[in-house]
Amino acid sequence: MEKDNIAVGLDIGTTKIVAMIGRKNEYGKLEILGVGKSKSLGVARGVVNNITQTIQSIQQAVQEAEADSGYKINDVVVGIAGQHIRSIQHSDYISRNNPEEVIGDADIDLLINQVHKLAMLPGEEIIHVLPQEFKIDGQNEIKEPIGMYGGRLESSFHVVVGQASSIRNVGRCIKSSGLDLSGLTLEPLASADAVLSQEEKEAGVALIDIGGGTTDLAIFKDGIIRHTAVIPFGGNVITEDIKEGCSIIEKQAELLKVKFGSAWPGENKDNEIVSIPGLRGREPKEISLKNLSKIIHARVVEIIEQVFAEIKAYGHEDPRKKLIAGIVLTGGGAQLQHIKQLVEYITGMDTRIGYPNEHLAGNSDEEISSPLYATAVGLVMNSLRNNTYSATPLVELQKPAEQPAPPRPQPVINTVIAPEPVQEPEELETVAVSAPANNAQETTEKKVKRSFFDKYIDKIKDFLDNAE
């Protein structure tokens, strides 16, 4: 019997770590089998700053997801973010020896590898090389060059760069948690997969993912990624401001923000007051909701203005680069009351809240459809595209332990154990046969991402092995 294609995404955020197990159902929608969530203790602004605590948080989330789904997790696709991420635009070309031959995968790989040799700042490494548009012998705006003739193949690239040490620290945490790393994806790209429609990407859209430690931006136009940025502020800074402004502890500040917080001070009346219990028998503290909203408003305006500066840097005011579909807000920060109205007021662009429910199966838990889980859903979708089998049913794992002992002395042993060795080559065969078929249908962009990830994961694995 053919095994299900099970995928696992691991979102290592500043406030929470989410492990999500999923597969595609018969209608092509994503069916979530299990979710595990833990408080993120060793991550600050998207960067690991305590390996031991991060490993414990990952293991807790993974164990919860395994208990929820009945599957044992083998490997994961991980989202990468953090203030060390930056992006650049780069153009490069190759001259082909034989223009009479059609352009193939080898030519695209050659061009990509050339971009990988770009000189970076000390300690930086290229994470993604994303082709935007190709040019063949001066002919512009070619999205799929494979199968065409030409002597000079040129392309513009969106290159995402990050600190090598931060990336390797994430790899170390995954390996020490007893898992394999099957892929790395920039978090705003994963969130974009989960909440944006193809029509929005074609029309032009800016995705703003407001997380706990960072706010991520991804801009699409004509179906192509045009700009990415990571702003080192998120929901945690708002909580910190409430804590300082109201002289309360962090736990109370977070609760205040989630339950009563609003990004628009005009919505609260002057006499609306919330009472907070005092510490160790002290008098309760009364806080005006209008003052609370003013504190939140000031910080949210600062975050949105920084994001809007990045949108302007992309060239949003140029009529050819106009983002017709406006802005989509996602992430935990998108749940703040009246944030949609504030973003529309500051930017003058149409705004909606992005929920990852478009790709989810109809019977999915309502909680998973929250913007909070957008990145995790996107990472599972990314893992499914790579055709991974990232988890094994616990029932199957238990069978070998139960079966071999009793029949060992009996002559029937061959018939009992024979299916085990035979089954594995069968699986390998189906993978080997089906992979080229999939590859034949894939676009250049997907092939590029796949080939790059394979190289990158190998590089991280080698580094971790040598470190030991």
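Residues numbered from 1 in each chain as written. Predicted model: local features only at pLDDT ≥ 70, side-chain atom pairs only at ≥ 80, totals over all residues. Heavy atoms only, no water.

Trainee: Would you mind showing me how to read the overall build of the protein here?
Mentor: Scanning the protein from N- to C-terminus turns up 14 helices and 20 strands. Intrachain contacts of the protein at a sequence separation of at least 6 include 68% that bridge at least 24 residues. Total accessible area computed for the protein in this model is approximately 22,900 Å², and 50% of it derives from carbon and sulfur atoms. (Helix = DSSP H or I, 4+ residues; strand = E, 2+ residues; numbered from the N terminus. Contact = heavy atoms within 4.5 Å. Areas by Shrake-Rupley, 256 points an atom, 1.4 Å probe, with all protein chains shown as cover.)

Trainee: Before we go on, may I ask you to explain helix α7 (residues 250–260) in this structure?
Mentor: Since there are 3.6 residues in each turn of an α-helix, residues three or four apart along the chain are aligned in direction. When we look at burial in α7, the residues that qualify are Gln-252, Ala-253, Leu-256 and Lys-257. Around the axis of α7, the buried residues are gathered within 135 degrees of arc, so they sit on the same side. α7 presents Lys-251, Val-258 and Lys-259 as exposed residues on the side facing more than 90 degrees away from its buried surface. Those residues of α7 hidden inside the fold are in contact with α6 (235–246), β16 (273–276), β17 (285–288) and α8 (289–314). (Buried < 20%, exposed > 50% of the residue type's maximum accessible area, 1.4 Å probe, protein only. Arc of directions from axis to C-beta.)

Trainee: How should the pairing of strand β1 (residues 7–12) be read in this particular structure?
Mentor: The two faces of a sheet get side chains in turn, since along a regular strand they alternate between them. Among the six residues that make up β1, six are buried, leaving the element largely enclosed by the rest of the structure. Of the two faces of β1, the one lined by Ala-7, Gly-9 and Asp-11 and the one lined by Val-8, Leu-10 and Ile-12 are each fully buried. Bridge analysis of β1 against strand β2 (residues 16–24) gives six bridges, and the strand direction is antiparallel. Opposite Gly-9, over in β2, you have Met-20 as the bridge partner. (Pairing = 2+ DSSP bridges.)

Trainee: Any chance you could explain the nonpolar core here in plain terms?
Mentor: Grouped burial of nonpolar side chains is what soluble globular proteins tend to show. Of all hydrophobic cores here, the largest spans 60 residues; its most connected members are Leu-10, Ile-12, Met-20, Ile-58, Val-78 and Ile-174. The greatest single-element share of this core, amounting to six residues, is contributed by helix α10 (residues 374–385). The residues touching Ile-58, leaving out its near neighbours within four places in the chain, are Leu-10, Ile-12, Ile-17, Cys-173, Ile-174, Ser-177 and Leu-179. Within the second largest apolar cluster, 40 residues are counted, among which are Phe-233, Ile-238, Cys-246 and Leu-329. (Core = buried A, V, L, I, M, F, W, Y, C linked by side-chain atoms within 4.5 Å.)

Trainee: Could you clarify how one ought to interpret the environment of Ala-263 in this entry?
Mentor: Secondary-structure assignment places Ala-263 in the loop between α7 and β16. Judged by its relative accessible area of 0%, Ala-263 is buried. Taking the C-alpha atoms as reference points, Ala-263 and Ile-339, 76 residues apart in sequence, are found 5.4 Å from one another. Residues contacting Ala-263, with those up to four places away along its chain left out, are Ile-296, His-297, Leu-336, Gln-337, His-338, Ile-339 and Leu-342.

Trainee: Would you explain the sheet that holds strand β15 (residues 224–231) in this entry?
Mentor: Think of a sheet as strands paired side by side through backbone hydrogen bonds, with each pair either parallel or antiparallel. Here five strands make up an open sheet; going across it, the order is β15-β14-β13-β18-β19 and the pairing mixed. Only two strands of the sheet have a single neighbouring strand rather than two, namely β15 and β19 (351–353). Direction aside, neighbouring strands of the sheet carry axes that sit 20 degrees apart on average. Inspection of the sheet shows strand β18 (residues 327–330) paired to β19 by three bridges, in the parallel sense. Looking across to β19, one finds that Leu-329 is bridged to Ile-353. Against the sheet, α8 makes contact with β13 (205–210), β14 (215–221), β15 and β18, and its axis sits at roughly 30 degrees relative to β14, the strand it touches most. (Axes fitted to C-alpha atoms, helices over the stretch in contact; angles between N-to-C directions.)

Trainee: Please explain the side chain of Ser-288 as it appears in this structure.
Mentor: Within the secondary structure, Ser-288 sits in strand β17. Once residues within four sequence positions are removed from consideration, Ser-288 is found in contact with Asp-270, Glu-272 and Ile-273.

Trainee: Would you take a moment to explain the environment of Glu-286 for this structure?
Mentor: Its location among the elements puts Glu-286 in strand β17. Considered as a pair, Glu-286 and Cys-246 are 40 residues apart in the sequence and their alpha carbons are 9.3 Å apart. When residues no more than four places from it in sequence are discounted, the contact partners of Glu-286 are Ile-273, Val-274 and Ser-275.

Trainee: Explain a negative patch on the surface here, please?
Mentor: A cluster of acidic residues, Glu-64, Asp-68, Asp-365, Glu-366 and Glu-367, forms a negative patch on the protein surface. Here Asp-68 is to be found in helix α1 (residues 51–69). Given a relative accessible area of 49%, Asp-68 falls into the partly exposed group. (Patch = residues over 30% accessible without salt bridge, like charges linked within 9 Å, V, L, I, M, F, W, Y side chains within 5 Å. Salt bridge = Lys/Arg side-chain N within 4 Å of Asp/Glu carboxyl O. Lys, Arg positive; Asp, Glu negative; His and termini not counted. Charge placed at Lys NZ, Arg CZ, Asp CG, Glu CD.)

Trainee: Would you explain the packing of helix α4 (residues 187–195) against α10 in this entry?
Mentor: The description of two helices packed together rests on the angle between their axes and the distance between the axes. The contact between α4 and α10 brings their axes to 7 Å, and the two run at 90 degrees. Accordingly, the angle class assigned to the pair α4 and α10 is roughly perpendicular. Contacts between α4 and α10 pair Glu-187, Ala-190, Ser-191, Asp-193, Ala-194 and Val-195 from the former with Ala-374, Thr-375, Val-377, Gly-378, Leu-379, Met-381 and Arg-385 from the latter. (Parallel < 35°, antiparallel > 145°, perpendicular 65-115°, else oblique.)

Trainee: Looking at this model, I keep getting lost on the packing of aromatic side chains. Mind explaining?
Mentor: Any pair of aromatic rings gets described here by the distance separating the centres and the angle formed by the planes. Under the definition given, this model contains one aromatic pair. Their ring planes at 85 degrees and their centres at 5.5 Å tell us that Trp-264 and Tyr-345 sit as a pair that is edge-to-face. With Trp-264 in the loop between α7 and β16 and Tyr-345 in helix α9 (residues 339–347), this residue pair connects regions lying 81 residues apart in the sequence. On the basis of relative accessibility, which here comes to 26%, the residue Trp-264 falls in the partly exposed class. The side chain of Arg-152 reaches across the aromatic face of Tyr-93, ending 3.8 Å from its centre. (Phe/Tyr/Trp six-rings, centres within 6.5 Å; stacked < 30°, edge-to-face > 60°. Lys NZ or Arg CZ within 6 Å of the ring centre and 35° of its normal.)

Trainee: So what exactly am I meant to see when it comes to the confidence of the model for the protein here?
Mentor: Any region with low pLDDT has predicted coordinates that should not be read closely. The predicted model of the protein has a mean per-residue pLDDT of 84, with 84% of residues at 70 or higher. Contacts from residues 401–441, a stretch scored under 50 in pLDDT, to residues over four places away or in other chains number eight contacts. (pLDDT = per-residue confidence, 0-100.)

Trainee: When you look at the packing of α1 against helix α3 (residues 164–176) in this model, what are you seeing that I'm missing?
Mentor: Two elements in contact, α1 and α3, have axes whose closest approach is 9 Å; the angle formed by their N-to-C orientations is 50 degrees. Judged by the inter-axis angle, α1 sits oblique to α3. Crossing geometry of α1 relative to α3 is assigned as right-handed. Across the interface between the two elements, Ile-51, Thr-54, Ile-55, Ile-58 and Gln-59 from α1 touch Asn-169, Arg-172, Cys-173, Ile-174 and Ser-176 from α3. Grouping the constituent residues of the contact of α1 with α3 by class yields five nonpolar, four polar and one charged. (Left-handed = near helix turned anticlockwise from the far one by under 90°. Nonpolar A, V, L, I, M, F, W, Y, C, P; charged D, E, K, R; others polar.)

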